Structures are given as structure tokens and as C-alpha cells.
Amino acid sequence: MTLVKIDEVTKVYEGKVTHRALNQLSFEVEKGEFLAVMGPSGSGKTTLLNLISTIDSLTSGDILIDGTNPHLLDPNDLALFRRRKLGFVFQDFNLLQMLTVEENLVLPLTLDYVPTHEMASRVLDMAKRLNLTSILHKRPNEISGGEAQRTAIGRALIHKPALILADEPTGNLDSKASRDVLELLSAISVEEKATIIMVTHDPIAASYCDRVLFIKDGEFFNEIYRDDRRQTFYQKILNVLSLLGGNVNDLSATRLP
Ligand SMILES: Nc1ncnc2c1ncn2[C@@H]1O[C@H](COP(=O)(O)OP(=O)(O)OP(=O)(O)O)[C@@H](O)[C@H]1O
């Protein structure tokens, strides 16, 4: 089943100099798929996430998420749509510093007036799932980067969104914490049929996904599917990246897998 349909999406930034950041980009994402989006700096990856999450408006084309075009919703319905259907995971975690891990986890449910007993049981389940039970009462400045990102993933998942959007989720983590986060995202997509679109510069991170979509100058460049060992998939990703070119700094996050 197709969960996300990107149909001939174009984004032109108007200004002193107009810039075509995305040009008639089309692709689909299946329910339960873990998709990486890669491309050189400036190729339009963040623009694409901003359009899918409706932070920014389209110039032309259509975006359908779970059968709805969020760009056509009125502001109230759009706020509900974003709160209920989407989950966000960012590079810098975006946790609220004055709240505990538990309060950060529960935040999307509080905003949605979920009954207290249900909140409590969902938080406990999520904490167990993400190995956060022992730090529920700590604040973000008292936990590690890996724990902070697992908390952010828990917060993104707790309201069971149709789609999770992740922007460089391992960008601030060391290799062990990155591996934990990527294994977690991969397990969530398999076990809970969560659909994940992850923008990354890191070929190791991308090798945990089911598919990598490459864009260049705002257009589709290539896509490859994982059908064998992660190590082999990683090599294939490196091969496409070398064809893509771009700035060597784009691969600065590269580590040995
Ligand atoms: N608000 C804006 N106004 C004008 N141009 C913009 C704006 N936002 C982005 N751009 C331009 O659009 C192009 C795509 O930017 P985008 O941030 O989507 O690239 P990216 O692939 O995410 O890059 P990076 O990997 O460096 O984060 C770039 O050339 C950028 O300069």
C-alpha cells in the first residue's frame, strides 16, 4: 500500500534571484518502508522534508499522505493532521529542557487530550521499548546524546503517526549511539509498520534503510533497494554517491561501518 505519493513536485524560491530547489520530483513510499533520501549539499533534501511536513508551500505538484493532501487543508485541520499523522525526529533532538524524559515523551498525547491512564500506559510501553525506563525522571541535560535521541524518537512515535520524518537523526551521535538509533528505527519500521523518510549524508545510516533515493539539483537521480547484506548495500550506496559527485564535505560524516 502506498502511504506517501510525491507527484511532480516543484519548489521555486522567489527572491532577488529565483531558485528552483525541486523540479518535477515524483516518487512513492510504501507503508512500513524505511526510506533514505541522499544528495549533495543544496540538492533539495531539506526542501523536500519541509514540503512533506507542510512547513513550506509547493510551487506546483501534489503531495498525498495516507490519502490526504495536507497542503489543501484549512489551518485547523492542518494543525490536527500534523499532530496526529506526522512524527518528527531532528539532528539536535529538540527536547524541551525544562521537562523530564517522561514529560517529553507524553507531550504529543497531552496536546491531544488523551486520558491520563492511557498516557501512563503508553509512556511505560514506549520507555520499555526504547530502553528509557531508568531515566524517565531525568532532564535532557542529565542524559546522553543517544538517550536524548531515543527520547525524541519515542516522542515522535507515541501517538502512532502514519509517517515519521527524520532529518539527520544521527548527525550528533557517536557511532555506537548511531547504531542503536538506526537499529531502533529499522525495527520500528518492520514491527510496527511505521513509515520513515530519513534525510542523511551518512552512507552508513542509509545502509540501514530498505531503499535509498538520490536527488541531484532538485531532480530524481537514482534509487537502490537493499536486497542483501547491509555491507553490500553500503558499498552500492558509496558507488552511487561517487557518481553523484558534489562536495567532499558532504561525506564528512562517513565512518567505517
Ligand atoms: N528560503 C530559501 N530561499 C531561497 N533559496 C533557498 C531557500 N531555502 C533553500 N534554498 C536553496 O534551495 C536549494 C536546496 O536547499 P536545501 O536546503 O533543500 O538543500 P539540502 O539538500 O537540504 O542541502 P544540505 O545537505 O546542505 O542541507 C539550495 O540551493 C538552497 O540555497
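As the structure is a computational prediction, the values presented were derived from the model and not from experiment.

Q: I'd like a rundown of the sheet that holds strand S4 (residues 60–65), residues and numbers included.
A: Spatially, three strands are ordered S2-S1-S4 in an open sheet, and the strand pairing comes out antiparallel. Strand pairing shows two members of the sheet lacking a second neighbour, strand S2 (19–30) and S4, which therefore form its edges. Ignoring which end each strand starts from, the neighbouring axes of this sheet average 15° apart. Strand direction decides the pairing type here: strand S1 (residues 2–13) and S4, joined by five bridges, are antiparallel. Looking at S4, one finds that Lys5 is bridged to Leu64. Running at roughly 60° to S2, helix H1 (residues 45–52) makes contact with S1, S2 and S4 of the sheet.

Q: Talk me through the side chain of Thr10; I want residue IDs and the actual numbers.
A: Tracing the backbone through its elements, the reader meets Thr10 in strand S1. Taking relative accessible area as the criterion, Thr10 reaches 3% and is therefore assigned buried. If we ignore the near neighbours within four places in the chain, the residues touching Thr10 are Arg20, Leu22, Asn23, Gln24, Leu58, Thr59 and Ser60.

Q: Mind laying out the side chain of Arg122, listing which residues take part and the relevant values?
A: One can find Arg122 in helix H4 (residues 116–129). Accessibility expressed as a relative area gives 19% for Arg122, which makes it buried. Those residues in contact with Arg122, other than ones at most four positions away along the chain, are Leu109, Val114, Ile158, His159 and Lys160.

Q: Got a sec to walk through the pairing of strand S8 (residues 211–216)? Specific residues and values, please.
A: The element S8 is extensively covered by neighbouring structure, given that five of its six residues are classed as buried. Two elements, strand S3 (residues 34–38) and S8, share four bridges in a ladder whose sense is parallel. When the bridges of S8 are listed, Leu35 appears paired with Arg211. For S8 and strand S9 (residues 219–225), the ladder comprises six bridges, and the chain directions are antiparallel. Its bridge partner lying in S9, Val212 is registered against Ile224.

Q: Before we move on, could you go through the sheet that holds S3 and cite the residues and values that matter?
A: Strand order in the open sheet formed by six strands is S5-S6-S7-S3-S8-S9, with mixed pairing between adjacent strands. On the outer flanks of this sheet lie strand S5 (86–90) and S9, each paired with one strand and no other. Within this sheet the neighbouring strands show an average axis-to-axis angle of 20°, counted without direction.

Conventions adopted
- Residues numbered from 1 in each chain as written.
- Predicted model: local features only at pLDDT ≥ 70, side-chain atom pairs only at ≥ 80, totals over all residues.
- Heavy atoms only, no water.
- Pairing = 2+ DSSP bridges.
- Helix = DSSP H or I, 4+ residues; strand = E, 2+ residues; numbered from the N terminus.
- Axes fitted to C-alpha atoms, helices over the stretch in contact; angles between N-to-C directions.
- Contact = heavy atoms within 4.5 Å.
- Buried < 20%, exposed > 50% of the residue type's maximum accessible area, 1.4 Å probe, protein only.

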